[in-house]
Amino acid sequence: MGLNNLLEGVQTLAIVCNQWGDTGKGKFSDYFASQWADVTARGTGGNNAGHTVVVNGKEKIFHLIPAGISNDSSGKITILGNGMVIDIPVLFQEIDELDAEGVSYNNLMVSKDASVIMPYHVNQDKAKHQSQKEGGIGSTGRGIGPCYTDKVARRGILIEDLFDRDKLSRKINVAKGIYLEQMINSDEIIDRLMPFAERIKPFVRDTISEMHMFMREGKKILLEGAQGLLLSIEHGTYPYVTSSDCSLNGTASGVGISAKMVDLPLGIVKFPFMTRVGAGPFPTELGDIKSEAYCAEEGHTKIDELVRYNIPHQVTEKGFRYKNNDKKILEMINSDDEFIQGIGIRLAAGEYGATTGRPRRIGWTDAVVAKYAVGINGPFMILTKSDSISGADQFKLCYGYEDKDRIIGNFSRDERTLREISPEYKPYKGYEDISGVRSYDRLPISLRQAIGDFEDFTHGKVVVVSVGADREETIVR
Ligand code: IMP
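Residues numbered from 1 in each chain as written. Predicted model: local features only at pLDDT ≥ 70, side-chain atom pairs only at ≥ 80, totals over all residues. Heavy atoms only, no water.

J.: Now, about the site of the ligand: what can you tell me, with residues and values included?
T.: Close to the ligand lie 15 residues; D22, N48, T140, T242 and R358 are nearest. Between a nitrogen atom of the ligand and a side-chain N or O atom of Q227, the distance comes to 3.2 Å. Between the ligand and the protein, one listed contact pairs an oxygen atom with a side-chain N or O atom of R358 at 3.0 Å. Compared with its free state, where it exposes 460 Å², the ligand has 96% of that area covered by protein. Per-class residue counts for the shell around the ligand are six nonpolar, seven polar and two charged. (Near = heavy atom within 4 Å. Polar contact = N/O pair within 3.5 Å; in protein donor to acceptor, adjacent residues only side chain to side chain. Areas by Shrake-Rupley, 256 points an atom, 1.4 Å probe, with all protein chains shown as cover. Nonpolar A, V, L, I, M, F, W, Y, C, P; charged D, E, K, R; others polar.)

J.: Which residues make up the packing of aromatic side chains, and what are the values?
T.: Aromatic rings considered in pairs are described by the distance between their centres and by the relative angle of their planes. According to the stated counting rule, one finds twelve aromatic pairs in the structure shown. Relative to F282, the ring of W20 lies with its centre 5.2 Å away and its plane at 55°, an arrangement referred to as tilted. Here W20, found in the loop between β1 (12-17) and α2 (25-35), pairs with F282, found in the loop between β12 (273-276) and α10 (288-296); they are 262 residues apart in sequence, far enough to count as distant. Since its relative accessible area comes to 2%, W20 is described here as buried. Residues F271 and F454 carry aromatic rings whose centres are separated by 5.0 Å and whose planes lie at 70° to one another, so their mutual orientation is edge-to-face. Taken together, the residues F271 in the loop between β11 (264-270) and β12 and F454 in helix α16 (residues 445-458) connect sequence positions 183 residues apart. Judged by its relative accessible area of 0%, F454 is buried. Within the aromatic cluster, the residues linked to one another by ring pairs are F28, Y31 and F32. (Phe/Tyr/Trp six-rings, centres within 6.5 Å; stacked < 30°, edge-to-face > 60°. Helix = DSSP H or I, 4+ residues; strand = E, 2+ residues; numbered from the N terminus. Buried < 20%, exposed > 50% of the residue type's maximum accessible area, 1.4 Å probe, protein only.)

J.: Explain the nonpolar core to me, using residue names and the numbers behind them.
T.: Formed by 66 residues in total, the largest nonpolar core has its most connected members in F271, L347, Y401, L443 and F454. It is helix α14 (residues 367-377) that provides the largest number of residues to this core, a total of eight residues. If near-sequence neighbours (up to four positions away) are discounted, L443 is found in contact with I434, V437, R448, V465, V467 and I475. One finds A67, M118, L162 and A175 within the second-largest nonpolar core, a separate group that totals 38 residues. (Core = buried A, V, L, I, M, F, W, Y, C linked by side-chain atoms within 4.5 Å. Contact = heavy atoms within 4.5 Å.)

J.: Account for the packing of helix α6 (residues 165-176) against helix α7 (residues 186-200), naming residues and giving values.
T.: Their axes nearest at 10 Å, the elements α6 and α7 cross at an angle of 135°. Here α6 lies oblique to α7, going by the angle between them. Here α6 runs over α7; the crossing is right-handed. Two secondary-structure elements touch here, α6 through R165, L168, S169, I172, N173 and K176 and α7 through S186, D187, I189, I190, D191 and M194. Taken together, the residues of the contact of α6 with α7 break down into five nonpolar, three polar and four charged. (Axes fitted to C-alpha atoms, helices over the stretch in contact; angles between N-to-C directions. Parallel < 35°, antiparallel > 145°, perpendicular 65-115°, else oblique. Left-handed = near helix turned anticlockwise from the far one by under 90°.)

J.: Explain the sheet that holds strand β17 (residues 394-403) residue by residue, including any values.
T.: Pairing is antiparallel in the open sheet, where three strands are placed in the order β18-β17-β19. Across the chains shown, the open sheet's two edge strands, defined by having one partner strand only, are β18 (406-408) and β19 (422-429). Averaged over all pairs of adjacent strands, the angle between strand axes in this sheet comes to 45°, irrespective of strand direction. Across three bridges, β17 lies against β18 in antiparallel orientation. Bridge pairing in β18 places Y401 opposite I408. (Pairing = 2+ DSSP bridges.)

J.: Can you explain α6? Please cite residues and give values.
T.: Between the first and last C-alpha of α6 there are 16 Å, a value that for twelve residues agrees with the 16 Å anticipated at 1.5 Å per step. Elements in contact with the buried residues of α6: α4 (119-126) and α7. (Expected span 1.5 Å × (residues − 1).)

J.: I'd like to hear about the sheet that holds strand β16 (residues 380-384), residue by residue, with values.
T.: Read from one edge to the other, the open sheet built from ten strands follows the order β9-β7-β5-β2-β10-β1-β11-β16-β20-β21, with strand pairing classed as mixed. If you trace the sheet from one side to the other, it starts and ends with β9 (204-205) and β21 (474-476), each paired once.

J.: Quick one: what's the story with a negative patch on the surface, residue by residue and with numbers?
T.: Residues D288, D336, D337 and E338 make up a contiguous surface patch of negative charge. Residue position: D288 is located in helix α10. (Patch = residues over 30% accessible without salt bridge, like charges linked within 9 Å, V, L, I, M, F, W, Y side chains within 5 Å. Salt bridge = Lys/Arg side-chain N within 4 Å of Asp/Glu carboxyl O. Lys, Arg positive; Asp, Glu negative; His and termini not counted. Charge placed at Lys NZ, Arg CZ, Asp CG, Glu CD.)

J.: With reference to specific residues and values, describe unusual backbone geometry.
T.: In this structure, P239 follows Y238 across a cis peptide bond, with omega equal to 5°. Following the sequence through the fold, P239 ends up in the loop between β10 (221-224) and α9 (248-253). The linkage connecting F271 with the following residue, P272, adopts the cis geometry, with an omega of 5°. Here P272 lies in the loop between β11 and β12. Notably, R154 is not glycine yet its phi reads approximately 65°, a positive angle. Among the secondary structure elements, R154 is positioned in the loop between α5 (144-152) and α6. Judged by its relative accessible area of 78%, R154 is exposed.

J.: Mind laying out the pattern of salt bridges, listing which residues take part and the relevant values?
T.: Scanning the model with the defined rule gives 25 salt bridges in all. One salt bridge in this structure joins K112 and D113, with 2.9 Å as the shortest N-O distance.

J.: Could you give me a rundown of α10, with the residues and numbers involved?
T.: Burial in α10 covers these residues: S291, E292, Y294 and C295. Projection of α10 onto a plane perpendicular to its axis shows the buried side chains occupying an angular sector of 165°, all on one side. Looking at the buried side of α10, the elements it contacts are α11 (302-308), α13 (338-349), β15 (361-364) and α15 (415-420). (Arc of directions from axis to C-beta.)

Below you can see the structure in the form of structure tokens.
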């Protein structure tokens, strides 16, 4: 199946994540936006997301604006939808960065119905008792949870409220009665927001009506998901989740359409290893609770790990340069100590938060999770990062959970169950560098065997395998 076959008859396509986020949605949003979509729309979350996109060999990280913006100059439309939560100064930081890069944003639209993240939301989210170290869920501290809380409690501030000073003032006064620990000064907040309100005005639209019109006009529409299914407030490992429904359903309703209208939902799966950021159960985590605690501690950054494990590296203006397949890193990946193995994969795959820089927790890909995701986001999957563990002697996939004397084959959201079970693995032979492979049949036999087993178990269908960060490093099956 080539790209044309895959996209035949498709008007609406969604890119969502079938794990705990950070699976490479940015690459695929960019991939389809650049060569296919007329409109790219995002419907959930805010600047808790971080999408890394490589354009002309240059890495860019977007937090709010969908990766499709880089196609603005060819008349393509980019939408921040009604389901999003928007920190206005952060939005303008990104717009200023676009200016600096010479990327236009003439066709950017911001929903009048999106929610505004206020400074008191950020303060609330950063309060000590929320932190992972203090037993909280370890949010990104961007004010996402408090902002959605206000939305659900029907007292939130919407983008359109920015243009009505009295209404804004009334709503901030309500917040004063909620966030009692904070000294909220409404005049000060409004004075700070007003210049941004003027700047945002030209972009503000009834994006739901616009979307409906685009659908009627036959425009090709790309929905860009945020976070991942297992972080969804509805379907994730509650309470260790974000505050939006980042499934296909939430992504569609967040831009004002039904999931039924999405012709091709594509769920991204990191394969054969996966990651999680922040607290919460992760059955296949390499190094188990030791890794969870280690990743929660401050200071375990990429440079710390490079130094600590004696990996040769150079410090450059852009960060740290090192060989992902350095001999020492490969030794770590092949270590008998799973904790060390996890760090080796993290270094090889560069798994450090795009938004927070935190080390991502590492584990083998869990087919039980993927089967659950197929049931919600649909059967079609994109596998990413398969090139990152080139050189490993072997890799494993999890096809069940052993709970006392029985094997569970279905996912459970229950924390206790997820923490008490032990994963049932099937090992596969490792493979050498695959980043130059461009056809499915040329992938190593053990990888194809693993993909076949994975499809059988999950009832899913792998349609794309990504073997590198660049657009070209993509195999459409
Ligand atoms: P919040 O979305 O900032 O409230 O964070 C809630 C949980 O979701 C935390 O465990 C975060 O680490 C996680 N999270 C939020 N956004 C992302 C993301 O884009 N990628 C991965 N994890 C995320």
